[in-house]
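In case you want the letters, here they are:
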Amino acid sequence: DVVDIRTFAKTGMFTFDPGFLATAACESSITFIDGDLGQLYYRGYPIEQLAEHSDFLESCYLLLNGELPTAEQFAEFNRKIMRHNMLNDQIMSFFKGFRRDAHPMAVMVGVVGALSAFYHDSLDINDAHHREVSAHRLIAKVPNIAAQAYRYNKGLPFSYPKNGLTYSENFLHMMFSTPCEEYKVNKVLAKALDRIFILHADHEQNASTSTVRLAGSSGANPFACIAAGIACLWGPSHGGANEAVLKMLDEIGSVENVPAFMEGVKAKTHKLMGFGHRVYKNFDPRAKIMKETCDEVLNELGLRDDPKFQLAMKLEEIALSDPYFIERKLYPNVDFYSGIVLSAIGIPVSMFTPIFALARTVGWISHWTEMISDPGMKIGRPRQLYTGSVRRDYAQVADRK
Ligand code: ACO
């Protein structure tokens, strides 16, 4: 007979927790979130201090290795990342198999997964050196892959990284330089992008990181696992939210339409994208930093009166004083502002989630490394609460009703 596992639940041997609201699946020493207080720490350092004093590559070293680097350690790390930032010419040909109008996230899932087919020399997950080289390759190559996905979509020739620029400056250069004109780096915009990278670098066991861990728990190689993480991040409830915020602002159109839109939110016909978070039941600390960055960027570009920004501010103002949002502890999350910043920098909406993916790659690979290095690692295998039919006998087709 079919055994109904609810009988196990009654004896306390089984937990039923859809959406993992109260189930920890691992131990981790990388990132800590206090959702009630709205605090976020990478390896014990408050996110506000990292956003102000660190840069993305230094934060990558911290997340991967557990400590801030000395000057020598950072120079060596920087050298290794620069050494790996090119893409093999055959990988460049691989892009050409996609339709030009493919979403850059679709291209990223494919190309990052395809790295498994190129780097046989770093696929042994039981070898610490292989794990480290794979981590460096991913951190170095993913911005290049994202930039080329954009260029392919635009019909632009592929570009190459330029050593000597910072990580975020290099990304802007790869996105926007043309054979006729080199992209002139604006330090304020590059700093804002770098901050977006830092704020998105890790967020403990979110859906995409849990996906990377689950894929990795079977012993799959790191490139395949990160491709799985990118696929999960693509969804509008997760990494697709920054793109969804801009689409929502376009749909609302202007400030006069906000009250009608809010009525629809409360009637649950649609959500206010960029609001709410599974863990933060307070202001998302990343959103506070992003809001300041948003101000800096709009001032730099003279866009303070931009209607889209005004519309976003109106939505925020109404939501923060509305009982629907207050009772449910719904506050703006990081993506409410990051989309506005990216849009002001000139980055098209379809590249918002790829930028999240490139920043989160270091978090994913840090979690993967932590998990694989644990001698007690087990394959992830959730159970289920079966709700189907009880045992029954096969009926010949002529006897079926
Ligand atoms: N707009 C309107 N109502 C909302 C919103 C929202 N953005 N978010 C949650 N609610 C409501 C729900 O309808 C629910 O109401 P109810 O109690 O009357 O049923 C209540 O608030 C609780 O929401 P849940 O869906 O249970 O919260 P959960 O933790 O499962 O979801 C999530 C969190 C997915 C982020 C949700 O808030 C959401 O969809 N937000 C919009 C998308 C978004 O911005 N995602 C980005 C997340 S951050 C990131 O990935 C970096």
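Under an unreviewed UniProt entry, the name given to the protein is Citrate synthase, and the source organism is Rivihabitans pingtungensis. Under the UniProt heading Pathway (unreviewed entry), the entry covering the protein gives this text: "Carbohydrate metabolism; tricarboxylic acid cycle; isocitrate from oxaloacetate: step 1/2." Per UniProt, the comment on the protein under Catalytic activity (unreviewed entry) is "oxaloacetate + acetyl-CoA + H2O = citrate + CoA + H(+)".

Let's shift gears to the overall build of the protein. Summing up its helical and strand segments, the protein has 18 helices and three strands in all. For 401 residues, the compact-globule formula gives about 21 Å, and the C-alpha radius of gyration of the protein, at 23 Å, lands near that figure. In terms of overall dimensions, the protein has a C-alpha envelope of 75 × 60 × 50 Å along the principal axes. Relative to its full complement of 401 residues, the protein shows a buried share of 41%.

Formed by 107 residues in total, the largest nonpolar core has its most connected members in Met108, Val112, Ile226, Ile230, Val341 and Ile355. Among residues more than four places away in sequence, those in contact with Val112 are Val142, Ile145, Phe223, Ile226, Ala227 and Ile230.

Along strand E2 (residues 39–42), the buried face is formed by Leu40 and Tyr42; none of Gln39 and Tyr41, which line the opposite face, is buried. Inspection of the sheet shows strand E1 (residues 31–34) paired to E2 by four bridges, in the antiparallel sense. Bridging from a neighbouring strand, Asp34 pairs with Gln39 of E2. Two strands pair when backbone bridges link them, and E2 and strand E3 (residues 45–46) are joined in this way by two bridges, in the antiparallel orientation. When the bridges of E3 are listed, Tyr42 appears paired with Tyr45. Taken together, E2 and the strand that follows it, E3, pair antiparallel across an intervening segment of two residues, in which Arg43 is found at a positive phi of about 50 degrees.

UniProt marks residues 336–359 with the feature "transmembrane region" (unreviewed entry), using the numbering shown here. As annotated, residues 336–359 has a helix share of 75% and a strand share of 0%, and its two end C-alpha atoms lie 17 Å apart.

Backbone geometry at Phe20 places phi at a positive 50 degrees, although glycine is not the residue there. Position of Phe20 relative to the elements: it lies in the loop between helix H1 (6–10) and E1. In this model, Glu204 sits at a positive phi of 40 degrees, which is unusual for a non-glycine residue. Locating Glu204 in the fold gives a position in the loop between helix H9 (187–200) and helix H10 (207–216).

The positions that UniProt labels "active site" (unreviewed entry) are, in the present scheme, His277 and Asp335. A maximum C-alpha distance of 10.6 Å places the annotated residues, which cover 59 residues in sequence, within one compact spot. Following the sequence through the fold, His277 ends up in the loop between helix H13 (258–266) and helix H14 (285–301). In this view, His277 contacts Asp284 and Asn333; residues no more than four positions away in its chain are not counted. Each residue touching Asp335, except ones within four places of it in the same chain, is listed here: Ala241, Asn242, Val245 and Gly274.

Turning next to the environment of Tyr150. Relative to the assigned elements, Tyr150 resides in helix H7 (residues 128–154). A tally of 22 C-beta atoms within 10 Å means that Tyr150 is categorised as buried. Tyr150 sits 32 residues away from Glu182 along the chain, and the two C-alpha atoms are 17 Å apart. Tyr150 has contacts with Pro104, Met175 and Met351, leaving out every residue within four places of it along the chain.

A few words on helix H15 (residues 307–321). Taking 1.5 Å of rise per residue, 15 residues should cover 21 Å, and H15 covers 22 Å from first to last C-alpha, within 8% of that figure. Buried positions along H15 lie against helix H12 (241–252), H13, H14, helix H16 (323–327) and helix H17 (334–345).

Moving on: the confidence of the model for the protein. Averaged over all residues, the pLDDT of the protein is 93; the fraction at 70 or higher stands at 97%. Taken over the whole predicted complex, pTM reads 0.91, whereas the ipTM for its chain interfaces reads 0.94.

Of all residues adjacent to the ligand, which total 19 residues, the nearest are Ala241, Lys271, Phe275, Gly276 and Arg278. Of the residues contributing to the shell around the ligand, the split by class is seven nonpolar, seven polar and five charged.

Further remarks concern the sheet that holds E2. Overall, antiparallel pairing links the three strands, which are arranged E1-E2-E3 in an open sheet. Two strands lie at the open edges of the sheet, namely E1 and E3, each paired on one side alone.

To continue, consider the pairing of E1. Covered by surrounding structure in E1 are Thr31 and Ile33 only, the residues Phe32 and Asp34 on the alternate face being uncovered. What sits between the antiparallel neighbours E1 and E2 is a turn of four residues, in which Gly38 has the positive phi angle 70 degrees.

Another point: the environment of Gly66. As for its position among the elements, Gly66 is in the loop between helix H3 (56–65) and helix H4 (71–83). You can call Gly66 partly exposed: it has 14 C-beta atoms within 10 Å. For the pair Gly66 and Asn163, spaced 97 residues apart in sequence, the C-alpha separation works out to 26 Å.

Cut-offs used in this document
- Per chain, residues are indexed from 1 in the order of the written sequence.
- Where totals are concerned, whole chains, interfaces and linings use all residues; where local detail is concerned, this predicted model gives features only for residues with pLDDT of at least 70, and gives and counts side-chain atom pairs only at 80 or more.
- UniProt positions are given in the numbering used here, feature names are shortened, and annotations may be inferred rather than shown by experiment.
- In DSSP terms, a helix is any run of H or I states spanning at least four residues, a strand is any run of E spanning at least two, and both are numbered starting from the N terminus.
- What the globule rule says is 2.2 Å times the number of residues to the power 0.38, and the radius of gyration is computed from C-alpha atoms.
- Each residue is classified by how many other C-beta atoms fall within 10 Å of its C-beta atom, where C-beta atoms are placed from the backbone; a count of 20 or more means buried, 12 or fewer means exposed, and values in between mean partly exposed.
- Each nonpolar core consists of buried Ala, Val, Leu, Ile, Met, Phe, Trp, Tyr and Cys residues. Their C-beta atoms, within 7 Å, join them into a set.
- Each residue is represented by a C-beta atom placed from its backbone, and any two residues with such atoms within 7 Å are regarded as in contact.
- Paired strands, in this sense, are two strands between which DSSP finds at least two bridges.
- The span expected for a helix works out to 1.5 Å for each residue beyond the first.
- Confidence of the predictor in every single residue is expressed as pLDDT, which spans 0 to 100.
- All residues are tested the same way: a C-beta atom is placed from the backbone, and lying within 6 Å of a molecule or strand makes the residue near it.
- Gly is put with the polar residues, along with every residue not named as nonpolar or charged; the nonpolar set is Ala, Val, Leu, Ile, Met, Phe, Trp, Tyr, Cys and Pro, and the charged set is Asp, Glu, Lys and Arg.

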